[in-house]
Every structure is written in structure tokens, then in C-alpha cells.
Amino acid sequence: MPHTETPGTEAVPATRMRWWTELPLILLVYACYSAGRLVVRGDVSDAVDHGLALLRIEKALHLNAEHPLNRLFTSEPWIGIPADFWYASLHYLVTPALLVWLFRSRAVHYRAARTWLMTSTFIGLIGFTLLPTCPPRLLDPSHGFVDTMAYYSSWGWWGGEASAPRGLGGMTNQYAAMPSLHVGWALWCGVILWKYGRGRWARTAAVVYPLVTTIVVMGTANHYFLDAVAGAAVMGAGFLLAPYVLRYADTVKARFRTGAPDVPAASPATDATIVSAGCQTSAGERIPRQRQPESRYGPGAGPGASPSDAGEGAPAPAR
């Protein structure tokens, strides 16, 4: 008897991701991220008020780590200068590198991880829009913060306006500080390395990278500690929403998919009827070798007659 597979147990091939469709999507999301930071500037006085409110909350909760870190980074160039390079570059290098690595080496997990990152980024843009926040470095000097990016600007390509290249500071929104996507993206990188990396170095980097990034954004006076907390919260929200975003994307894709061939309905006149265990009958039989009533065969040919006797018109021998 031929072997037949149990329905529903067949392996369903996964859709293969193509770099020429993924790259424009990544660039589009990054363009939205950059444009959102640039266009939604908010009111400066509101941004300053929000920054001072965060500072007061942190002092009330004894969470004021920004001042001692900023003093350390300013007084020790061997710490402050690498920290500025860290802040100005790794945010834009490590995250894309991990996306490419996932795409090439962990393709099964790439789409979910990419959707998580994109969803969290868009939530962060909502935060920039609703809560423009003045970072510590832009507060009045009486609050005790030094902008290390401006202090060590002669060492790097950046000027005195955030991490933008020198002369291009006007093309960025310096009040897009809440939440800190530097911390959020670093946390995403840490989770990806921890889950899909191999070896002790991957686990070490998974812990060190987001931790050091959190210290750097506070020590360079670019973010408050609560900005970092909000960045982690945004990534958590994106993680929870990513399955729903994937499901909605699949629904939209299925709705607009074209060119799927229609499967014709089975014709009862041509399909054999399955009786049991793979035994098949002809179109005019209900069970194998069953005959129709006597009138179809003529006189003397009953259901019990042999084929030869029935053909000669003789009655079947008595049994």
C-alpha cells in the first residue's frame, strides 16, 4: 500500500527575504526617523521646562547620576574623548551591522527582529513629538553640565551641536532627547547578541554594549537617566506590539497579492471514489465488482453469474 502523508504535517517553506526589498525599507524607516527628529522641533521653552522637570524628579528619587559622570568625562580626556566617539558613531554602525548579520546568518529570526526595531523607533518618534526635552548639555551652565561633544570637538568630526558633523548641526533636532533611542537601539543589539550570538564574546558584548551606552549618554550630558529608562520602555512596547504589526503586514500583503492561480474544483465524474485503505472503484460501482440489477444484463444473467456464463446467456450453475 502506498504511503500517504497525514494532512497538516507537511513542512511549509518560509518566504525568502530579498536584500533589494529589505534595504529600501530600512532606508525608508531611517529617513522617517531623521525627518521626524528634524521637523518636530517643539517649543524651546517647553523643552527646557521638560528637561528641568526630569532633573527635579531624578533628584527627588536620588537618581542623579548625570552630574558625577559628566564631571568625570570632562576632567579625564582619556574617558571623555572615547565616550564622544562612542556616542557619535556606534549608534549608526552597530545596529545596521547586526541587521545585516541577522539577514545573512539568522534569516529565520530576521523579520521579527527587524519589525521589533522599526516599531520601537516609530514609538520613539511619537515621544519626540509629544515631549520635546532639552538635554542636560543645553541647560543653563548654572545647572552644572558641560557639553563634552563641544568640549572635545577638536578631536572628532562633530561640532558643538549634538553628534552631527561640524557645520550640519542645524539639520538635527537637539531637543529629541526623550526617549533615548541610543539606549533603546543598544538594548535591542544586546538582546539580539544574547539570543542569537555564539560564544562568550557575544554574551559579553550583549551586556557591555547597552550598559556602556547608558553611561555614555549621561556622561556626555546628552540624556538624563530617565531618558534611558524611557528608551528601554519603548523597546519593551515595541517588542509587545511587533507580533501584531507582523500579522497586520501579512494581512495587507495577502490582500494585495496578485497572480495566485485558482485551483479548479474537483469533478465528481472523473475523480475515483475512495472506499477504504486506498481501494478504488470504477465510476459505476459502489464496492469492487458489484453489479447492477438483472435487467441491465438481460435474462439469465444475475449478480451471481460468472462473466463467461453471462455472456453466453446460460444460467449460473447451482451452488
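The text that follows walks through the structure, step by step, so that each part is easy to find. (Residues numbered from 1 in each chain as written. Predicted model: local features only at pLDDT ≥ 70, side-chain atom pairs only at ≥ 80, totals over all residues. Heavy atoms only, no water.)

## Remarks on the overall build of the chain
When helices and strands are tallied, the chain shows 11 helices and 2 strands. Secondary structure elements of the chain occur, N-terminal to C-terminal, as α-α-α-α-α-α-α-α-α-β-β-α-α. Counting across all 319 residues of the chain, residues that qualify as buried make up 36%. Partitioning the contacts of the chain with sequence separation of at least 6, the portion at a separation of at least 24 is 77%. For the chain, the exposed area adds up to about 19400 Å²; of that, 65% sits on carbon and sulfur atoms. (Helix = DSSP H or I, 4+ residues; strand = E, 2+ residues; numbered from the N terminus. Buried < 20%, exposed > 50% of the residue type's maximum accessible area, 1.4 Å probe, protein only. Contact = heavy atoms within 4.5 Å. Areas by Shrake-Rupley, 256 points an atom, 1.4 Å probe, with all protein chains shown as cover.)

## Observations concerning a nonpolar patch on the surface
Among the surface-exposed residues, I57, L61 and L63 lie close enough to one another that they form a single nonpolar patch of about 240 Å² accessible area. The topology assignment puts L63 in the loop between α2 (44–60) and α3 (66–75). (Patch = residues over 30% accessible without salt bridge, like charges linked within 9 Å, V, L, I, M, F, W, Y side chains within 5 Å. Salt bridge = Lys/Arg side-chain N within 4 Å of Asp/Glu carboxyl O.)

## A word on the nonpolar core
The biggest cluster of nonpolar side chains holds 23 residues, and the ones touching the most others in it are L102, L117, W188 and I192. Every element with two or more residues in this core is listed here: α4 (77–105), α5 (107–130), α7 (181–196), α8 (200–219) and α9 (225–256). Considering every element that reaches this core, the biggest residue donor is α7, with 8 residues. Not counting residues within four places of it along the chain, the set of residues in contact with L102 comprises A107, Y110, A113, W188, I192 and Y196. One finds L52, C134, F145 and A221 within the second-largest nonpolar core, a separate group that totals 13 residues. (Core = buried A, V, L, I, M, F, W, Y, C linked by side-chain atoms within 4.5 Å.)

## Things to note about the packing of α5 against α9
Two elements in contact, α5 and α9, have axes separated by 7 Å at closest approach and are oriented at 115 degrees. Compared by their axis directions, α5 and α9 come out roughly perpendicular. Relative to α9, α5 is oriented so that their crossing is right-handed. Contact with α5, carried on its side by R111, A112, T115, W116, L117, T119, S120, I123 and G124, involves V234, M235, A237, G238, F239, L241, A242, V245, L246, A249, D250 and K253 of α9 and no other residues of that element. Among the residues forming the contact of α5 with α9, the class breakdown is 13 nonpolar, 5 polar and 3 charged. (Axes fitted to C-alpha atoms, helices over the stretch in contact; angles between N-to-C directions. Parallel < 35°, antiparallel > 145°, perpendicular 65-115°, else oblique. Left-handed = near helix turned anticlockwise from the far one by under 90°. Nonpolar A, V, L, I, M, F, W, Y, C, P; charged D, E, K, R; others polar.)

## Section: α3
Among the residues making up α3, those that are buried are E66, H67, L69, N70, F73 and T74. The arc that holds the buried residues of α3, viewed along the axis, is 165 degrees, so those residues lie on one side. On its buried face, α3 is in contact with α2, α4, α6 (148–151), α8 and α9. (Arc of directions from axis to C-beta.)

## Side note on the pattern of salt bridges
In total, this model carries 2 salt bridges according to the counting rule given. With a shortest N-O distance of 2.7 Å, R111 and D250 are connected by a salt bridge. One end of the pair, R111, is in helix α5; the other, D250, is in helix α9, and 139 residues separate them in sequence. Its relative accessible area of 21% is what places R111 among the partly exposed residues. By relative accessible area, D250 is classed as partly exposed at 36%. The shortest N-O distance in the salt bridge between R137 and D147 comes to 3.3 Å. Of the two residues, R137 is situated in the loop between α5 and α6 and D147 in the loop between α5 and α6; the sequence distance between them amounts to 10 residues.

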